[in-house]
Amino acid sequence: MSPEIVTILALVVIFAIATFLPINMGALAFVAAFVVGTLSVGLSTDEILAGFPAELVLTLIGVTYLFAIAQNNGTVDLLVRGAVRLVGGHVAAIPWIMFFVTALLTAIGALSPAAVAIIAPIALTFAARHGISPLLMGMMVIHGAQGGGFSPISVYGVTVNTIVGDEGLPSSPLAVFLGALFFNLAIAAVLFVVLGGRQLLGRKVSTAPTEAELHPEHGHGRGPTVRGHGAAPGPAVGGDDDHEDHPDVPRPVSFEQILTLVGLAVVAVLALVFDLDIGFVAITVAVVLALFSAQRHKGAVSQISWSTVLLIAGVLTFVFVLQEAGTIDYVGEAVIGLGMPLLIALLLCYIGGVVSAFASSTAIIGVAILLAVPFLESGDISAVGVVVALSVASTIVDVSPFSTNGALVLANAQDVDKDRFYKQILAYAGIVVAVGPLLTWLVFVVPGWL
């Protein structure tokens with residue numbers, strides 16, 4: 001049996017076992033990478049370890065460690081309350097604020113994982129405080145990042161436009177950008193309706209300070225009161241008895257919180273402006289903050305989502321073995337041999353979507369477009385439409401828990417059953433992978449309007 005087939009079968013077995021047995025899929029994937037990689041693909045253990053996603057693992061550790069400290073000293077509560085005040089206490093507006101802020105960050109050139117790493121912890125904390133679906137909030141952040149990610153000055157946008165230009169294909173940077181933005185915006189609107197967004201309409205939250213903000217030395221509180229439709233009557237939840245009658249009393253901010261806010265700003269500037277690795281930056285800032293209160297934050301390391309780290313590291317290491325086996329090229333060549341432009345475009349959208357759910361979206365976009373070049377040069381099908389479809393299909397699947405963005409949402413979710421939340425994200429990612437490429441094909445390729 002060829003290595004390509006063996007790796008595909010191994011991937012199916014991994015998913016099957018992890019579905020029916022309570023075994024971390026990452027551990028299974030490490031075993032598969034070792035067994036299949038050495039026995040079938042002919043890789044040494046050193047070559048297999050070259051596929052270990054060190055950068056992503058460091059990002060997950062650094063970001064969750066930093067925000068564990070920020071959560072413990074009440075800084076995240078301050079940021080959440082700032083978001084509440086920004087929209088006048090209207091809960092329903094917060095998911096959209098998160099969508100557009102993340103979209104703006106990626107549109108001006110920030111890497112998608114960096115933008116999600118900064119916004120997701122804040123968004124998910126707000127979701128936990130105010131009873132908003134964490135799946136809704138997390139996916140709004142990711143789709144926002146992908147919506148702005150194809151601007152002409154963004155990483156995705158520059159990658160796609162450069163490849164198209166180098167291959168001499170018709171190009172339209174504006175069509176790529178707006179196509180991605182409005183497609184992700186449409187998905188966000190559907191998610192808002194399906195995942196309880198309508199129930200948030202009319203709800204407002206008090207802007208009175210919480211106990212965590214009034215007394216940060218006691219740890220984080222439960223968040224401010226929800227008022228409006230569906231809110232229970234009675235006193236403020238998470239308020240402080242000494243301040244309930246004075247909701248407008250200015251909240252005290254501790255030195256540690258000020259230092260943490262400065263640290264978060266430093267992370268944002270160094271990662272977004274200077275393009276430094278956000279994992280190294282985040283863990284550096286976290287260690288500096290821990291030095292100022294080492295005893296208090298000694299438990300923050302245990303708050304790192306280690307099960308998520310194992311899951312992502314194992315699966316992506318096996319995906320590297322799959323790539324080394326030539327499985328992607330094997331499938332791509334089989335598709336191109338069909339000789340039917342519309343069908344080839346659809347299948348390439350699916351290849352881009354499925355593979356990108358486990359691997360680098362930037363790399364897969366390039367591979368998918370290059371695979372499409374031979375039949376696009378014939379002019380039988382709109383090159384711009386196919387490029388837009390491939391670009392969107394290969395990035396909307398970043399909601400997968402095996403992608404950087406999906407992993408960051410999973411790792412930073414608050415007050416949830418992580419195993420259940422993982423299954424929810426996986427189910428949603430499955431829907432996106434199954435339906436998303438088809439929709440991009442129907443919208444951007446079949447009509448031939450681009």
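Conventions and cut-offs
- Per chain, the residues get numbers from 1 upward, laid out in the order the sequence is written.
- Predicted model: local features are reported for residues with pLDDT of at least 70 only, side-chain atom pairs are reported and counted for 80 or more only, and whole-chain, interface and lining totals are derived from all residues.
- Working from all heavy atoms in the structure, the side-chain values ignore hydrogens and water.
- The helix and strand labels rest on DSSP assignments: H or I over at least four residues marks a helix, E over at least two residues marks a strand, and numbering proceeds from the N terminus.
- Only heavy atoms enter the contact rule, under which two residues are in contact if any of them lie within 4.5 Å.
- Note that accessible areas follow from Shrake-Rupley with a 1.4 Å probe, and for residues the cover is restricted to the protein chains shown.
- Expected helix span is taken as 1.5 Å per residue step, with the number of steps being one fewer than the number of residues.
- When a residue's accessible area, from a 1.4 Å probe over protein chains only, is under 20% of the maximum for its type it is buried; when over 50% it is exposed; and in between it is partly exposed.
- Buriedness for pockets is judged along seven lines, at least five of which must meet protein on both sides within 12 Å for an open set on the 1 Å grid over protein atoms alone, while cavities are sets there where a 1.4 Å probe fits but cannot get out, and lining residues have an atom within 4 Å of a point.
- Grid points are joined across faces, edges and corners, and a volume is the space filled by probe spheres set on the points.
- In this description, a nonpolar core means a group of buried Ala, Val, Leu, Ile, Met, Phe, Trp, Tyr and Cys residues linked to one another through side-chain atoms lying within 4.5 Å.
- Take a side-chain nitrogen of Lys or Arg and a carboxyl oxygen of Asp or Glu: if they are within 4 Å of each other, that pair is a salt bridge.
- Simply put, an axis is a line fit to the C-alpha atoms, just over the touching stretch for a helix, and the angle between two N-to-C directions goes from 0 to 180 degrees.
- Comment on the angle field: the value is read as roughly parallel under 35 degrees, roughly antiparallel over 145, roughly perpendicular from 65 to 115, and oblique elsewhere.
- When two rings of Phe, Tyr or Trp (its six-membered ring) have centres within 6.5 Å they constitute a pair, described as stacked for plane angles under 30 degrees, edge-to-face for angles over 60, and tilted for the intermediate range.
- The pLDDT score gives, residue by residue, the confidence of the prediction method on a 0 to 100 scale.
- Patch construction takes residues with relative accessible area above 30% that form no salt bridge. Like charges are linked within 9 Å, and nonpolar side chains (Val, Leu, Ile, Met, Phe, Trp, Tyr) are linked within 5 Å.
- N or O atoms closer than or at 3.5 Å make up a polar contact, with two conditions inside protein: a donor-capable atom paired with an acceptor-capable one, and, for residues adjacent in sequence, both atoms drawn from side chains.

Asker: What exactly am I supposed to notice about the overall build of the protein chain here?
Answerer: Each helix and strand counted, the protein chain has 21 helices and two strands in total. Taking contacts inside the protein chain between residues at least 6 apart in sequence as the whole, the part at least 24 apart equals 77%. Of the roughly 18400 Å² that the protein chain leaves accessible, carbon and sulfur atoms contribute 68%.

Asker: How should I be thinking about the environment of Gly-263 in this particular structure?
Answerer: Note on placement: Gly-263 falls in helix H13 (residues 255–273). Between the C-alpha atoms of Gly-263 and Leu-66, which are 197 residues apart in sequence, the distance is 9.2 Å.

Asker: In this structure, what is going on with helix H17 (residues 341–356)? I would like to understand it.
Answerer: Owing to its 3.6 residues per turn, the α-helix aligns residues three or four sequence positions apart on the same side. Between its first and last C-alpha atoms H17 spans 22 Å; for 16 residues at 1.5 Å apiece the expected length is 22 Å, and the two agree. Among all positions of H17, only Ile-344, Ala-345, Leu-346, Leu-348, Cys-349, Ile-351, Gly-352, Gly-353, Val-355 and Ser-356 are buried.

Asker: Help me understand the layout of surface pockets, please; the structure alone is not making it clear to me.
Answerer: Left-over empty space is what a probe sized like a water molecule reveals as it rolls over the atoms. When its volume is computed, the largest pocket comes out at roughly 850 Å³. Around the largest pocket sit 38 residues that line it, and Glu-55, Leu-56, Pro-113, Ser-360 and Thr-404 are the ones nearest its centre. Those elements giving two or more residues to the lining of the largest pocket turn out to be helix H4 (54–72), helix H7 (112–130), helix H9 (155–166), helix H15 (306–324), helix H18 (361–376) and helix H20 (404–412).

Asker: Where do I start with the nonpolar core in this structure?
Answerer: Ranked by size, the top nonpolar core spans 148 residues in total, and within it Leu-66, Met-98, Met-137, Phe-318 and Leu-348 carry the most contacts. Counting residues per element, this core draws most heavily on H7, which supplies twelve residues. Met-98 has contacts with Ala-83, Ile-119, Ile-122, Ala-123, Met-137 and Val-141, leaving out every residue within four places of it along the chain.

Asker: What is the right way to read the pattern of salt bridges from this model?
Answerer: Two side chains bearing opposite charge may form a pair once their charged atoms approach each other closely. What the rule picks out here adds up to one salt bridge. Residue Asp-419 is joined to Lys-423 by a salt bridge in which the shortest nitrogen-to-oxygen separation is 3.6 Å. Of this pair, Asp-419 and Lys-423 both sit in helix H21 (residues 418–445), four residues apart, roughly one helical turn.

Asker: So what exactly am I meant to see when it comes to unusual backbone geometry here?
Answerer: Note on backbone geometry: most residues besides glycine have negative phi, and most peptide bonds are trans. Phi at Asp-275 is positive, roughly 60°, even though this residue is not glycine. Relative to the elements of secondary structure, Asp-275 occurs in the loop between H13 and helix H14 (278–292). Despite not being glycine, Asp-415 has its phi angle at roughly 55°, a positive value.

Asker: Would you mind showing me how to read the packing of helix H8 (residues 134–148) against helix H10 (residues 173–194) here?
Answerer: Orientation of H8 relative to H10, taken along the N-to-C sense of each, is 170°, at an axis distance of 8 Å. What the angle tells us is that H8 and H10 run roughly antiparallel. Where H8 approaches H10, its residues Leu-136, Met-139, Met-140, His-143, Gln-146, Gly-147 and Gly-148 are matched on the opposing element by Phe-177, Ala-180, Leu-181, Asn-184, Ile-187, Ala-188, Leu-191 and Phe-192.

Asker: Where do I start with the packing of aromatic side chains in this structure?
Answerer: Taken as a whole and judged by the stated rule, the model has 13 aromatic pairs. An angle of 80° between the planes, with centres 5.9 Å apart, marks the rings of Phe-15 and Phe-358 as edge-to-face. Here Phe-15 is found in helix H1 (residues 3–20), whereas its partner Phe-358 is found in the loop between H17 and H18, with 343 residues between them in sequence. Classification of Phe-15 by relative accessible area gives partly exposed; the value is 22%. Put simply, the rings of Phe-15, Phe-358, Phe-402 and Tyr-422 touch in pairs and so form one group of aromatic residues.

Asker: Can you help me understand the packing of H4 against helix H5 (residues 75–86) in this one?
Answerer: Helices that pack against each other are described as a pair by the angle of their axes relative to one another and the distance between those axes. Between H4 and H5, the least distance of the axes is 5 Å, while the angle of their chain directions is 80°. Here H5 runs roughly perpendicular to H4, going by the angle between their axes. Where H4 abuts H5, its residues Phe-67, Ala-70 and Gln-71 lie against Thr-75, Val-76 and Asp-77.

Asker: Is there a simple way to think about the side chain of Ser-356 in this case?
Answerer: Relative to the elements of secondary structure, Ser-356 occurs in helix H17. Owing to a relative accessible area of 0%, Ser-356 belongs among the buried residues under this scheme. Setting aside anything within four residues of it in sequence, one finds Ser-356 in contact with Ile-351, Ser-361, Ile-364, Ser-394, Val-397 and Asp-398.

Asker: Quick question: what am I supposed to make of the confidence of the model for the protein chain here?
Answerer: Detailed reading of the predicted coordinates is not advisable wherever pLDDT falls low. Taken residue by residue, the protein chain gives an average pLDDT of 82. The fraction at 70 or more is 89%. Residue range residues 219–250 is modelled with pLDDT below 50. Its contacts to residues more than four positions away, or to other chains, number 63 contacts.

Asker: Explain helix H19 (residues 383–393) here, please?
Answerer: Among the eleven residues that make up H19, eleven are buried, leaving the element largely enclosed by the rest of the structure. Ala-383, Val-384, Gly-385, Val-386, Val-387, Val-388, Ala-389, Leu-390, Ser-391, Val-392 and Ala-393 are the residues of H19 that are buried. Structurally, H19 contributes buried residues whose contacts are with H9, H10, H17, H18 and H21.

Asker: Explanation requested: a nonpolar patch on the surface in the structure shown.
Answerer: Taken together, the side chains of Leu-342, Ile-431, Val-435, Leu-438, Leu-439, Leu-442, Val-443, Val-446 and Trp-449 present a nonpolar region at the surface, about 750 Å² in accessible area. In terms of residues, the nonpolar patch owes the most to one element, H21, which gives six residues. If you trace the backbone, Val-446 turns up in the segment after H21.

Asker: Would you mind going over the side chain of Thr-102 with me for this structure?
Answerer: Along the chain, the position of Thr-102 falls in helix H6 (residues 94–107). Overall, the relative accessible area of 0% leaves Thr-102 in the buried class. A polar side-chain atom of Thr-102 sits 2.6 Å from the main-chain carbonyl oxygen of Met-98. Not counting the four nearest positions on each side in its chain, Thr-102 is found in contact with Ala-115, Val-116, Ile-119, Val-141, Gly-144 and Ala-145.

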